Amino acid sequence: MEGNITSDNNMMSPFNHFGDIGENEWNWSNLTCKSFVFASIVPDSSFQVFVFSLGLVQVIVFAYIMFWQWKGKWHLINQRRQVTSVLLVPPYTIIIYMFAGTLLLYGVLNIVFDTRPYISNYRIDESILWGVGNWYYHSVVDGLAIFLCFEGIGWKTMKKTMWRSCFLGLVIGALVTMASLSHHWAPQGNLEYGVYLQGVSEGLLILFYLAILFLPKRMLKRRVAVYPYATAWAIYHPIHLALLILMFLDYDFSFCTYAAITTLVWGIFKPILFFWTLKMDQHYFLGRIHMPIKKKKKKKGKGRKRMLRSTSNVFDVFDDDDDDD
């Protein structure tokens, strides 16, 4: 889970407070990690400038990666130079743009809602919307790991990946929603039930990645690029779960730690990990791509059409996973 959405300010809990400084405003005379990270510097506003600014870092990193992708493709299309790190195969292009959708979705949710990661008193509409956001997010980021556990990379693999990843995302999204709604359904509105569900969702993801890493190959086929990807997430989720629990228990240092590790460091690393995994898998199938550079002039558009035709054939050539379950 990437975080949660705050509640109606009229519904307070002992774990949803900023001491004497108020719910949503900074007060420099009595500043804590919790208020510094999650309170708004704008009076009567729920927009958290600090958290949003840190989250914007991963958008900048991803935009930088895509800039060099587009520039590399332009060089290939116009046969200006050899480029070895451009994602040419259609499945990888589709996946990287789906990842861009997760960044856009979380950016919108962070602007519209007062987002915080720990369990508190959330409104029903907020909880449902955040569950939907987590469904899409986990369908993409965990779906990549599922995609790498097939032998092919064609349409059949994409369809099988879609159904499996959507189911996993649905399970995680439902758990996130129920955890956020714990104030409404738990006995006496006990928020600890929400923390238990957070533990279940994070625990499922930990087991998911450990299974990918350690199940025998006769039980689970997988390509080489999945190993570093699954390892990174298997390390991340226990840290994330520990910070969620500490923030729920209101340990002040955990809020700054969460911002530094989960929002900043992981925010920079995640787009790089996602792109590098796709590039590594492309090299697994195609090797490093070296397109010959011809000096004679080509009519405008011919190089692009030829390149698109050659890469689209990969869907058929490598779609050899008919026997996969």
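Definitions and limits used
Residues numbered from 1 in each chain as written. Predicted model: local features only at pLDDT ≥ 70, side-chain atom pairs only at ≥ 80, totals over all residues. Heavy atoms only, no water. Core = buried A, V, L, I, M, F, W, Y, C linked by side-chain atoms within 4.5 Å. Buried < 20%, exposed > 50% of the residue type's maximum accessible area, 1.4 Å probe, protein only. Helix = DSSP H or I, 4+ residues; strand = E, 2+ residues; numbered from the N terminus. Contact = heavy atoms within 4.5 Å. Patch = residues over 30% accessible without salt bridge, like charges linked within 9 Å, V, L, I, M, F, W, Y side chains within 5 Å. Areas by Shrake-Rupley, 256 points an atom, 1.4 Å probe, with all protein chains shown as cover. Salt bridge = Lys/Arg side-chain N within 4 Å of Asp/Glu carboxyl O. Phe/Tyr/Trp six-rings, centres within 6.5 Å; stacked < 30°, edge-to-face > 60°. Lys NZ or Arg CZ within 6 Å of the ring centre and 35° of its normal. Disulfide = S-S within 2.5 Å. Polar contact = N/O pair within 3.5 Å; in protein donor to acceptor, adjacent residues only side chain to side chain. Expected span 1.5 Å × (residues − 1). pLDDT = per-residue confidence, 0-100.

Structural notes on the nonpolar core
Here is step 1: Formed by 48 residues in total, the largest nonpolar core has its most connected members in Y209, Y229, W233 and F274.
Here is step 2: At 8 residues, the largest contribution of residues to this core is made by helix α4 (residues 124-147).
Here is step 3: Apart from the residues lying within four places of it in its own chain, the contact partners of F274 are I95, I96, F99, V140, V141, L144 and Y229.
Here is step 4: V37, F38, L244 and M247 belong to the second largest nonpolar core, which has 10 residues in total.

Quick notes on a nonpolar patch on the surface
Here is step 1: On the surface, I124, I128, L129, V132, W135 and L170 cluster together into a nonpolar patch covering about 530 Å² of accessible area.
Here is step 2: With respect to the secondary-structure elements, L170 resides in helix α5 (residues 155-180).
Here is step 3: Judged by its relative accessible area of 51%, L170 falls in the exposed class.

Describing the packing of aromatic side chains
Here is step 1: Scanning the entire structure with this criterion turns up 17 aromatic pairs.
Here is step 2: Residues F67 and W68 carry aromatic rings whose centres are separated by 5.5 Å and whose planes lie at 75° to one another, so their mutual orientation is edge-to-face.
Here is step 3: For W68, a relative accessible area of 40% translates into the label partly exposed.
Here is step 4: Members of the aromatic cluster, joined through ring pairs, are F62, F99, F208, Y209, Y229, W233, Y236, W266, F269 and F274.
Here is step 5: The residue whose ring lies beneath R223 is F147, and the NZ or CZ to ring-centre distance is 5.0 Å.

A closer look at the state of the cysteines
Here is step 1: Within this structure, the stated rule accounts for 1 disulfide.
Here is step 2: Covalent S-S linkage joins C33 and C256, the inter-sulfur distance amounting to 2.1 Å. Because the sign of the S-S torsion sets the handedness, a value of about -105° for the bond joining C33 and C256 places this disulfide among the left-handed ones. Of this pair, C33 sits in helix α1 (residues 33-38) while C256 sits in helix α9 (residues 252-286), and the two are 223 residues apart along the sequence.
Here is step 3: Judged by its relative accessible area of 19%, C33 is buried.

Section: unusual backbone geometry
Here is step 1: Positive phi, normally seen in glycine, also occurs at Q188, with a value near 55°.
Here is step 2: As for its position among the elements, Q188 is in the loop between α6 (182-185) and α7 (192-214).
Here is step 3: At D250, a position not held by glycine, the phi torsion is positive, near 70°.
Here is step 4: Inspection of the secondary structure puts D250 in the loop between α8 (226-248) and α9.

Observations concerning the side chain of S254
Here is step 1: Position of S254 among the secondary structure elements: in helix α9.
Here is step 2: At 3.5 Å, the side chain of S254 forms a polar contact with the backbone nitrogen of M247.
Here is step 3: Look past the residues within four positions of S254 in its chain and what remains in contact with it is L243, L246 and M247.

Here's the deal with α7
Here is step 1: With 23 residues, α7 extends 32 Å from end C-alpha to end C-alpha; this agrees with the ideal 33 Å at 1.5 Å per step.
Here is step 2: Turning to α7, its buried residues number three or more, namely G194, V195, L197, Q198, S201, E202, L205, I206, F208, Y209, I212 and L213.

Some words on the pattern of salt bridges
Here is step 1: Throughout the structure, instances matching the rule amount to 5 salt bridges.
Here is step 2: With a shortest N-O distance of 2.9 Å, K34 and D250 are connected by a salt bridge. Here K34 is found in helix α1, whereas its partner D250 is found in the loop between α8 and α9, with 216 residues between them in sequence.
Here is step 3: Each of the salt bridges in this network shares a partner with another, and the network as a whole consists of R123, D125 and E126.

Quick notes on the confidence of the model for the protein
Here is step 1: Here the protein averages 77 in pLDDT, and 70% of its residues register 70 or above.
Here is step 2: The secondary-structure element of the protein with the lowest mean pLDDT is strand β1 (residues 4-5), recorded at 41, while α7 shows the highest, at 95.
Here is step 3: Counting contacts from residues 289-296, a segment whose pLDDT is below 50, to residues more than four positions away or on other chains yields 15 contacts.
Here is step 4: Low pLDDT (under 50) marks residues 303-317, which in the prediction has 20 contacts with non-local residues, meaning those over four places away or in another chain.

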